[in-house]
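So the chains spell out like this:
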Amino acid sequence: MVLNEVIVIDGGFATQLTVHVGKSVDGDPLWSARFNATNPDAVVKTHLDFLEAGAEAIITNTYQASVEGYKQYLNFDDKQSINLIKETVKLAHVARDLYLQRGNATKPIPLIVGSIGPYGAHLHDGSEYSGSYADRVTKDTIKNWHRVRIDAVLSAGVDALAIETIPCLMEAEALIEMLCSEYPQAKFWISFQCKDGSSIAHGESFSDAALRIWHIISEKKALNNLLAIGVNCLHPRFITPLFKSLNGNLSPEQRLPLVAYPNSGEVYDVENGWTGREDCVPLESYVSEWIALGTKIIGGCCRTYARDITRIKNTIKASVE
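The paragraphs below set out a description of the structure included in this document. Note that this is a predicted model, so its numbers are computed, not measured.

**Some thoughts on the overall build of the protein**
(1) Moving on: Counting its secondary structure elements, the protein contains 11 helices and 10 strands.
(2) Moving on: Scaling as 2.2 N^0.38, a compact globule of 321 residues should have a C-alpha radius of gyration of about 20 Å, and the protein matches this with 18 Å.
(3) Moving on: Once the C-alpha set of the protein is aligned to its principal axes, its extents read approximately 50 × 45 × 45 Å.
(4) Moving on: Residues classed as buried in the protein amount to 56% of the 321 residues present.
(5) Moving on: Taking all contacts inside the protein whose residues are at least 6 apart in sequence as the whole, residues at least 24 apart take part in 76%.
(6) Moving on: For the protein, the exposed area adds up to about 13,400 Å²; of that, 49% sits on carbon and sulfur atoms.
(7) Moving on: Side chains of the protein give 30 positive and 38 negative charges; the mean places of these two sets differ by 4 Å.

**Observations concerning the packing of helix 7 (residues 169-182) against helix 8 (residues 206-219)**
(1) Moving on: Close contact between helix 7 and helix 8 brings their axes to 10 Å; oriented N to C, the two are set at 15°. With respect to helix 8, the element helix 7 is oriented roughly parallel. Relative to helix 8, the crossing made by helix 7 is right-handed. Contact residues: helix 7 offers Leu169, Ala172, Glu173, Ile176, Glu177 and Cys180, while helix 8 offers Ala209, Arg212, Ile213, Ile216 and Ile217.
(2) Moving on: Across the contact of helix 7 with helix 8, the residue classes break down as 8 nonpolar, no polar and 3 charged.

**So, helix 7**
(1) Moving on: The end-to-end C-alpha separation of helix 7 is 20 Å, in line with the 20 Å expected for 14 residues at 1.5 Å each.
(2) Moving on: In this fold, the buried residues of helix 7 make contact with helix 6 (139-156), strand 4 (160-166), strand 5 (188-192) and helix 8.

**Some words on the sheet that holds strand 7 (residues 258-261)**
(1) Moving on: Sheet architecture is open: 8 strands sit in the order 1-10-7-6-5-4-3-2, paired in parallel fashion. The open sheet has two edge strands with one neighbour each: strand 1 (7-8) and strand 2 (57-59).
(2) Moving on: Here strand 1 pairs with strand 10 (residues 295-298) via 2 bridges, running parallel. Paired with Ile7 across the two strands is Ile297, which belongs to strand 10.

**Here's the deal with the pairing of strand 3 (residues 111-116)**
(1) Moving on: For strand 3, the buried fraction is high: 5 of the 6 residues fall into the buried class.
(2) Moving on: Of the strand pairs in this sheet, strand 2 and strand 3 are connected by 3 bridges, and their pairing is parallel. Pairing of Ile58 across the sheet is with Ile112, part of strand 3.
(3) Moving on: When strand 3 meets strand 4, the two strands line up parallel, connected through 4 bridges. Its bridge partner lying in strand 4, Ile116 is registered against Ile163.
(4) Moving on: What joins strand 3 to strand 4 is helix 6, and the crossover it makes is right-handed.

**Focus: the layout of surface pockets**
(1) Moving on: Estimated volume of the largest pocket: approximately 730 Å³.
(2) Moving on: In terms of lining, the largest pocket is formed by 28 residues, of which the most central are Glu128, Tyr129, Tyr268, Trp274 and Cys302.
(3) Moving on: For the lining of the largest pocket, a count of residues per class yields 13 nonpolar, 8 polar and 7 charged.
(4) Moving on: Taken as a whole, the second largest pocket encloses approximately 590 Å³ of empty space.
(5) Moving on: Around the second largest pocket sit 26 residues that line it, and Val8, Gly54, Glu56, Pro108 and Lys313 are the ones nearest its centre.

**Considering the pattern of salt bridges**
(1) Moving on: In the structure shown here, the tally under the stated rule is 13 salt bridges.
(2) Moving on: Among the salt bridges present, the one from Glu52 reaches Arg102, with a minimum N-O distance of 3.8 Å. Note that Glu52 is positioned in helix 3 (residues 40-53) and Arg102 in helix 5 (residues 78-104), a separation of 50 residues in sequence.
(3) Moving on: In this structure Glu52 comes out as partly exposed when scored by relative accessible area, which is 43%.
(4) Moving on: One salt bridge in this structure joins Glu177 and Lys143, with 3.3 Å as the shortest N-O distance. With a gap of 34 residues between them, Glu177 in helix 7 and Lys143 in helix 6 connect regions that are remote in the sequence.
(5) Moving on: Residue class for Lys143 comes out buried when judged on its relative accessible area of 17%.
(6) Moving on: Where salt bridges share partners, they join Lys139, Lys143, Glu173, Glu177 and Arg212 into one cluster.

**Focus: the packing of aromatic side chains**
(1) Moving on: Here the structure, examined in full by the defined rule, presents 8 aromatic pairs.
(2) Moving on: Seen from their ring centres, Trp189 and Tyr261 are 5.9 Å apart, and the 80° between their planes marks the pair as edge-to-face. A residue pair is termed long-range when its members are at least 10 positions apart, and Trp189 in strand 5 and Tyr261 in strand 7 qualify at 72 residues.
(3) Moving on: The buried category is assigned to Trp189, whose relative accessible area is 1%.
(4) Moving on: Among the aromatic residues, those joined into a cluster by ring pairs are Tyr119, Tyr133 and Trp145.
(5) Moving on: When the ring centre of Tyr305 is taken as origin, the NZ or CZ atom of Arg307, which lies over that ring, is 4.3 Å away.

Conventions and cut-offs
- Residues numbered from 1 in each chain as written.
- Predicted model: local features only at pLDDT ≥ 70, side-chain atom pairs only at ≥ 80, totals over all residues.
- Heavy atoms only, no water.
- Helix = DSSP H or I, 4+ residues; strand = E, 2+ residues; numbered from the N terminus.
- Rg over C-alpha atoms; globule rule 2.2 N^0.38 Å.
- Buried < 20%, exposed > 50% of the residue type's maximum accessible area, 1.4 Å probe, protein only.
- Contact = heavy atoms within 4.5 Å.
- Areas by Shrake-Rupley, 256 points an atom, 1.4 Å probe, with all protein chains shown as cover.
- Lys, Arg positive; Asp, Glu negative; His and termini not counted.
- Charge placed at Lys NZ, Arg CZ, Asp CG, Glu CD.
- Axes fitted to C-alpha atoms, helices over the stretch in contact; angles between N-to-C directions.
- Parallel < 35°, antiparallel > 145°, perpendicular 65-115°, else oblique.
- Left-handed = near helix turned anticlockwise from the far one by under 90°.
- Nonpolar A, V, L, I, M, F, W, Y, C, P; charged D, E, K, R; others polar.
- Expected span 1.5 Å × (residues − 1).
- Pairing = 2+ DSSP bridges.
- Right-handed = clockwise from strand over helix to strand, strands pointing away.
- 1 Å grid on protein atoms, 1.4 Å probe; cavity = no way out; pocket = protein on both sides within 12 Å on 5 of 7 lines; lining within 4 Å.
- Points joined across faces, edges and corners; volume = space filled by probe spheres on them.
- Salt bridge = Lys/Arg side-chain N within 4 Å of Asp/Glu carboxyl O.
- Phe/Tyr/Trp six-rings, centres within 6.5 Å; stacked < 30°, edge-to-face > 60°.
- Lys NZ or Arg CZ within 6 Å of the ring centre and 35° of its normal.

By themselves, these observations are geometric and do not establish any function.
Next comes the structure, spelled out in structure tokens:
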């Protein structure tokens, strides 16, 4: 699965989900993952929204799905929790099948990408935006926690994995080492959570971290499995300087393939929720500069809706016509 052209992925799943469930999911310790159990029809409809908007790949609603989370907040046992993660992947398949049945059978079949969110997401303490757990847990702990989820997602059938919102180099290394050694057939991208235009959330240089991951994959002879390295769940204004730090001085042939799916540009805090919508620059305004730096996968994250994906898709389409 080599990406010769730019593909458009979906947007903020939890954001678009609110269109169907009629309430915000922010603040819930299971976030959108609760609805996999309580309202699976809404999950299917949300996937369909993005497909109809032009997404060429949809990401499963498994970002915050974990055995620990489902046991604590849904009173499930281990088996029930793992089965729910598998069933969540199947919801994406249901949505794709419905999309193809709605007169889209002649179009390319959209990809289903399994979301593997960071260790910190299940802690419900905001540490997925700091990576602070890297200072107190081991690589083996990280690997053991992720392995259960990766096994479940892959066994349910996905075209690739989205290793996403990773805030620290240690977790990225742990995941990539495990993928290359234990899942040699799995295609994947990996995207970091960054706090500014030069550093990932835990403080490491983005370019250094990305190159470190690239070298690990190269040493493992697994570059054919890598779709892209990049960023997600960050302010869009940070992406160009981050990508310039990595690919800016390289020829097109030397550039690493990149993935970018930022937030809308709004800012979140616990007291006021999301603010600053009126100040946001439309995501499609950034697309040409991201592509010029080697970006192969583009979409949206928090506070981006299906309509945003349509605008991104139209912008990319216009640029190649």
